[in-house]
Amino acid sequence: MQKSSLNKTIYLVLVNLFVVFLGIGLVIPVMPTLMREMHLEGSTMGYLVAAFAFTQLLVSPIAGRWVDTFGRKKMIVIGMLLFALSEMLFGFGQDVKVLYVSRMLGGVSAAFMMPAVTAFVADVTSLKERPKAMGYVAAAISTGFIIGPGIGGFLAEHGTRLPFFFAAALGLLGSVFSLVILKEPKRPEIEDKKTEKQVAKSGFRKVLEPIYLIPMIIILVSSFGLAAFETVYSLFVDHKFAFTPKDIALIITVSGILGVIAQVLSFDRIVGKIGEIRLIQVCMGVSAIFIFAMIKVAAYWSILLVTFIIFLMFDLIRPALTTYLSKIAGNEQGFVGGLNSTFTSVGNIIGPGIAGILFDVNIDYPYVLSMYVLALSFVISLFWKERTN
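Here's a quick rundown of the structure. Please read these numbers as outputs of a predicted model, since none were measured by experiment.

Moving on: the overall build of the protein. Counting its secondary structure elements, the protein contains 13 helices and zero strands. Listing every helix and strand of the protein by position from the N terminus yields α-α-α-α-α-α-α-α-α-α-α-α-α. Across the 389 residues of the protein, 58% fall into the buried class. Partitioning the intrachain contacts of the protein with sequence separation of at least 6 by distance along the chain shows that 87% fall at a separation of at least 24. Surface exposure of the protein reaches about 16,600 Å², of which carbon and sulfur atoms provide 70%.

Printed below as a string of structure tokens:
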């Protein structure tokens, strides 16, 4: 009985997360066309992504505390509404300034959503169930990205801005869905209040504790490399291989579907066998190698294979880090989720900005940078030890 109620709650959260990332995925195939229509440079596209991440960085620490103070459901509902507003603004925006405002609102939305969702899942799962649940969270994100580009490529045929309006409608629908159906998970109130005081006192000094320091460095360095890769992917294949929005949608969709299947079927089993730390190390090493391969490949099917491997590695790193952090967070799920979001944002700010600048110099340079950064992240991870207590 407990089990079916737990599953239902998780599915509701997954649907919300899926809707948001479906909306984000919709716009991927449109970006090269938008870049040409508005006469934007690669660096501007990078700065737009960085603006999103910069706002997420500023808001994440506060949002993480608010998740613990005001509840998971409220933060999810507000986050979805902000996402809808952000996408609508981007759809109407004919000036770069409006696009920047849109991306910054999107950053606030992400800062509200991610700690709230991971804390929600942690609240309704046991330690044993958590790797599987976090794998499903990652799968919901990936599936949104998979289906999103396919729908975005189709909608773009009828208007470059149409995917943004469609995303706004999905966000609004998701916020209403959350408000009406989602129930706040029960947490021990006394412990929560105590945690809030501890968090207020210690703040970011907690990051210097050995239990958090290495994973936060890994999150920072790896998110830098991942953001650099993802920001210029559609621009890279558009310029180097003359891919159309439909081609980009197809290649991301096919590689994404294969990735989600592998993720859902194997993530919790892999974590059970080798643990989160070893899985993260393997994924970072493999992704560094295949990003180098991305520069060298030319045939369509080899691009598909390399893209699939890279996206799969990224999709396994995220839930592995989130699962590890949720296990060590105890009663500070929102706070630790906020830290995760903060350090991810720092990497997401620097990575896209530098990748966009390098893209304007040479289209291969962002991937050379990503390769070296992920290799560095792999080396740092070798000093990461499992908690003994």
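Once the structure has been displayed, the description carries forward.
Attention now goes to the pattern of salt bridges. Summed over all chains, the structure comprises five salt bridges. Where R103 meets E87, a salt bridge forms, and the shortest distance between an N and an O atom there is 3.2 Å. Of this pair, R103 sits in helix α5 (residues 96-123) while E87 sits in helix α4 (residues 72-92), placing them 16 residues apart in sequence. Residue classification places R103 among the buried residues on the basis of a relative accessible area of 14%. When salt bridges that share partners are traced, they join D68, R72 and D123 into one network.

A word on the packing of aromatic side chains. Counted according to the given criterion, the structure contains six aromatic pairs. Taking 6.1 Å as the distance between ring centres and 75° as the angle between the ring planes, the aromatic pair formed by W66 and F112 counts as edge-to-face. Taken as a pair, W66 in helix α3 (residues 42-70) and F112 in helix α5 lie far apart in primary sequence, 46 residues in all. Owing to a relative accessible area of 36%, W66 belongs among the partly exposed residues under this scheme. When the centroid spacing of 6.2 Å and the interplanar angle of 80° are considered together, the rings of F236 and F241 count as edge-to-face. Each member of the pair F236 and F241 is classed as buried. Joined through ring pairs, the aromatic side chains of W66, F70 and F112 make up one cluster.

With that settled, the discussion passes to the environment of G150. Structurally, the position occupied by G150 is in helix α6 (residues 130-156). Classification of G150 as partly exposed rests on a relative accessible area of 32%. A C-alpha to C-alpha distance of 9.1 Å links G150 and P245, two positions 95 residues apart in sequence. Apart from the residues lying within four places of it in its own chain, the contact partners of G150 are A249 and T253.

Criteria and thresholds
- Residues numbered from 1 in each chain as written.
- Predicted model: local features only at pLDDT ≥ 70, side-chain atom pairs only at ≥ 80, totals over all residues.
- Heavy atoms only, no water.
- Helix = DSSP H or I, 4+ residues; strand = E, 2+ residues; numbered from the N terminus.
- Buried < 20%, exposed > 50% of the residue type's maximum accessible area, 1.4 Å probe, protein only.
- Contact = heavy atoms within 4.5 Å.
- Areas by Shrake-Rupley, 256 points an atom, 1.4 Å probe, with all protein chains shown as cover.
- Salt bridge = Lys/Arg side-chain N within 4 Å of Asp/Glu carboxyl O.
- Phe/Tyr/Trp six-rings, centres within 6.5 Å; stacked < 30°, edge-to-face > 60°.

By themselves, these figures tell us nothing about what the structure is for.
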